[in-house]
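Read off the chains here:
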Amino acid sequence: FHCNIVLRMSAFQINLNRLKEPMGFIKVLQWIASMFAFATCGGFKGKTEILANCPLLKVNENHTVEATFGYPFRLNQASFRSHPVVNVCNGNWSSHFLIGDYSSSAQFYVTFAVFVFLYCIAALVLYVGYTNLYRDSRKLPMIDFVVTLVATFLWLVSTSAWATALTDIKIATEVMCYFHSVTNMGSLNVSVIFGFLNMILWGGNAWFVYKETSLRSPSNTSASHSQGGVPPPAGV
């Protein structure tokens, strides 16, 4: 059996027809969606600004003080800073920090998206390059089906956690005292959208992966294989 697997693995042959089937086509969409998910969240850099006025020092000019933040959103480490050549109200602004640490939700979301991205690449190589090995194996489709179900659940969990953290981040960065501006977080909103989109894609693909497993009746499995161009085993 082991030798047979090795021989099949060495017989790499590209079959692009698999990408025209629902399971292969959806896997490409999953690969793209996971890439956008971790890119829009992990690549975010922004800042929040406040206007400082010093009436006690009889200074009528407003000066901007800003705090920069980004992934993984440890806001409690982001301190306010004034322009290097401007002394704003004679204050030590570096001692004032934003509130909250949302790194656990953000890192969980991005790390999971990266793992999904890599899994999609491996699955596409198997679908396209080792079509016969995948369809003739009882274990590979079953593993793929279990991974699909787990990934669907984890997309729901990670995206929900990240969406909640993003709401708190928006509140924490909108300083109420002399608030001036904060970087637009549209890309982070997009990351949440792609998270739920990934969940839908993986949940929808579960049926097509299930059809490849041995959980279906032998007659249905054989019929599915014959429609894909692979003849059923001898004696059936």
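Bear in mind the structure is a predicted one, so any value in this text is a computation, not a measurement.

S.K.: What is the right way to look at the nonpolar core in this model?
M.R.: General note: in soluble globular proteins, nonpolar side chains tend to be found buried as a group. Counting 37 residues, the largest nonpolar core has Phe69, Phe73, Trp155, Trp162 and Ile169 as the members making the most contacts within it. Counting only elements with at least two residues in this core, the list comes to helix 2 (22-42), strand 1 (45-54), strand 2 (59-70), helix 3 (103-129), helix 5 (139-173) and helix 6 (186-210). By residue number, the principal contributor to this core is helix 3, which donates 7 residues. In this structure, tryptophan 155 is in contact with Ser34, Ala37, Tyr109, Phe112, Ala113, Val116, Gly195, Asn198, Met199 and Trp202, ignoring residues within four places of it in sequence. In terms of nonpolar packing, the next biggest core, distinct from the first, is built from 11 residues, Ala123, Tyr127, Tyr134 and Val209 among them.

S.K.: What is the right way to read the confidence of the model for the chain from this model?
M.R.: Reading fine detail from the predicted coordinates is not recommended where pLDDT is low. Per-residue confidence for the chain gives a mean pLDDT of 80; residues scoring 70 or more make up 75%. The model gives residues 219-236 a pLDDT under 50, and that stretch makes 15 contacts with residues more than four places away or in other chains.

S.K.: When you look at the packing of helix 5 against helix 6 in this model, what are you seeing that I'm missing?
M.R.: The axes of two packed helices give the description: the angle between them and the distance between them. Here helix 5 crosses helix 6 at 160°, and the two axes come no closer than 8 Å. By the criterion of interaxial angle, the relationship of helix 5 to helix 6 is roughly antiparallel. The two elements helix 5 and helix 6 meet at a crossing, and its hand is left-handed. Partitioned by chemical class, the residues of the contact of helix 5 with helix 6 number 18 nonpolar, 10 polar and 2 charged.

S.K.: How do you make sense of the packing of helix 3 against helix 6 when you look at a structure like this?
M.R.: One way to put it is that helix 3 packs onto helix 6 with a least axis distance of 12 Å and a crossing angle of 45°. Judged on the interaxial angle alone, helix 6 and helix 3 are oblique. The element helix 3 and its partner helix 6 pack so that their crossing is left-handed. Residues Tyr109, Val116, Tyr119 and Cys120 of helix 3 form the contact with helix 6, whose own contacting residues are Ser191, Val192, Phe194, Gly195 and Trp202. Considering only residue class, the contact of helix 3 with helix 6 consists of 7 nonpolar, 2 polar and no charged.

S.K.: When you look at the packing of aromatic side chains in this model, what are you seeing that I'm missing?
M.R.: By the definition in use, this model includes 14 aromatic pairs. A centroid spacing of 5.6 Å and a plane angle of 80° characterise the contact between phenylalanine 38 and phenylalanine 117, whose relative ring orientation is edge-to-face. Of the two residues, phenylalanine 38 sits in helix 2 while phenylalanine 117 sits in helix 3, which places them 79 residues apart along the sequence. Plain terms: the ring middles of phenylalanine 73 and tryptophan 162 are 5.4 Å apart, the flat faces sit at 40° to each other, and that makes the pair tilted. Taken together, the residues phenylalanine 73 in the loop between strand 2 and strand 3 (81-82) and tryptophan 162 in helix 5 connect sequence positions 89 residues apart. On the accessibility criterion, tryptophan 162 (0% relative accessible area) is buried. By the ring-pair criterion, three or more aromatic residues cluster together here, those being Phe44, Phe69, Tyr71, Phe73, Tyr109, Phe112, Trp155 and Trp162. The ring of tyrosine 127 carries the charged tip of arginine 18 above its face, separated from the ring centre by 5.5 Å.

Conventions adopted
Residues numbered from 1 in each chain as written. Predicted model: local features only at pLDDT ≥ 70, side-chain atom pairs only at ≥ 80, totals over all residues. Heavy atoms only, no water. Core = buried A, V, L, I, M, F, W, Y, C linked by side-chain atoms within 4.5 Å. Buried < 20%, exposed > 50% of the residue type's maximum accessible area, 1.4 Å probe, protein only. Helix = DSSP H or I, 4+ residues; strand = E, 2+ residues; numbered from the N terminus. Contact = heavy atoms within 4.5 Å. pLDDT = per-residue confidence, 0-100. Axes fitted to C-alpha atoms, helices over the stretch in contact; angles between N-to-C directions. Parallel < 35°, antiparallel > 145°, perpendicular 65-115°, else oblique. Left-handed = near helix turned anticlockwise from the far one by under 90°. Nonpolar A, V, L, I, M, F, W, Y, C, P; charged D, E, K, R; others polar. Phe/Tyr/Trp six-rings, centres within 6.5 Å; stacked < 30°, edge-to-face > 60°. Lys NZ or Arg CZ within 6 Å of the ring centre and 35° of its normal.

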